[in-house]
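Residue strings, one per chain:
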Amino acid sequence: MLRDAVEDDITGILAIYNHAIVNTTAIWNDTPADLANRLAWLRDRRGRGYPVIVAAQAGEILGYASFGDFRPFEGFRISVEHSVYVAEAARGRGLGRALVEALFAPARALGKQVMIGGVTGGNEASLALHARLGFRETGRMPGIGTKFGRRLDLVFMQKELY
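## Description of the packing of aromatic side chains
Enumeration according to the criterion identifies eight aromatic pairs in this entry. When the centroid spacing of 5.5 Å and the interplanar angle of 40 degrees are considered together, the rings of tyrosine 64 and tyrosine 85 count as tilted. With a gap of 21 residues between them, tyrosine 64 in strand β3 (residues 60–69) and tyrosine 85 in strand β4 (residues 79–86) connect regions that are remote in the sequence. Judged by relative accessible area, which is 16%, tyrosine 85 ranks as buried. Seen from their ring centres, phenylalanine 70 and phenylalanine 76 are 5.6 Å apart, and the 65 degrees between their planes marks the pair as edge-to-face. The partly exposed category is assigned to phenylalanine 70, whose relative accessible area is 22%. Judged by relative accessible area, which is 30%, phenylalanine 76 ranks as partly exposed. Here the aromatic cluster, defined as three or more aromatic residues joined through ring pairs, consists of Tyr17, Trp41, Tyr64 and Tyr85. Against the face of tyrosine 17 rests arginine 38, its NZ or CZ located 3.9 Å from the ring centre.

This is the structure we're talking about:
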């Protein structure tokens, strides 16, 4: 069910991504992405040697996860920031957990020691998922973003990968 993403998966990835943009505060964008944007993102991740993993069943993309650089400075070379999204109809099946766990080995193989998640404050499901996976809250930035006309908090959670 979990596998590396291929370009044919991009339509399913785009649908999940845009659903999150339009309906949730998980992504702090207001404007949906287009196919070219997500394809460039996939190619960039793969070009850097970073995984994009999908949960697929019967040809349908149910979720995806990836990681990239935390910050573009050499001193952060041991850290990555991950993202995970599950289609609304597929939530509650453990796919989020499986997808995030599938990122640990590739991160370690690349010499990464810390995985970071930036979670919207109030997203209790995501905060709980990360806590169950051994992430701990290491920072909270109140009101630094907006979406749907309200201010949002950003919660940083991190996991040591050794």
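Still more to cover.
## Observations regarding unusual backbone geometry
Even without being a glycine, alanine 58 presents a positive backbone phi close to 55 degrees. Tracing the chain through its elements places alanine 58 in the loop between β2 (52–57) and β3. Positive phi, close to 55 degrees, is recorded for phenylalanine 148, a residue that is not glycine. Structurally, phenylalanine 148 can be placed in the loop between β6 (136–147) and β7 (150–160).

What counts and what doesn't
- Counting of residues starts from 1 at the beginning of each chain's written sequence and follows it residue by residue.
- In keeping with the model being predicted, local features are shown solely for residues with a pLDDT of at least 70 and side-chain atom pairs are shown and tallied solely at 80 or more, while totals for entire chains, interfaces and linings include all residues.
- Think of the side-chain values as coming from all heavy atoms in the structure, minus any hydrogens and water.
- Any two of the Phe, Tyr and Trp rings considered here, Trp counted by its six-membered ring, make a pair once their centres fall within 6.5 Å; the pair's planes then place it as stacked at under 30 degrees, edge-to-face at over 60, or tilted in between.
- By the criteria applied, helices consist of DSSP H or I runs no shorter than four residues and strands consist of E runs no shorter than two, each listed in order from the N terminus.
- Each residue is assigned to one of three classes by its accessible area relative to the maximum for its type, calculated with a 1.4 Å probe on protein chains only: buried under 20%, partly exposed between the two thresholds, exposed over 50%.
- Criterion for a charge above a ring: Lys NZ or Arg CZ within 6 Å of the ring centre, and within 35 degrees of the ring normal.

Interpretation note: all reported values are geometric properties and have no functional meaning in isolation.
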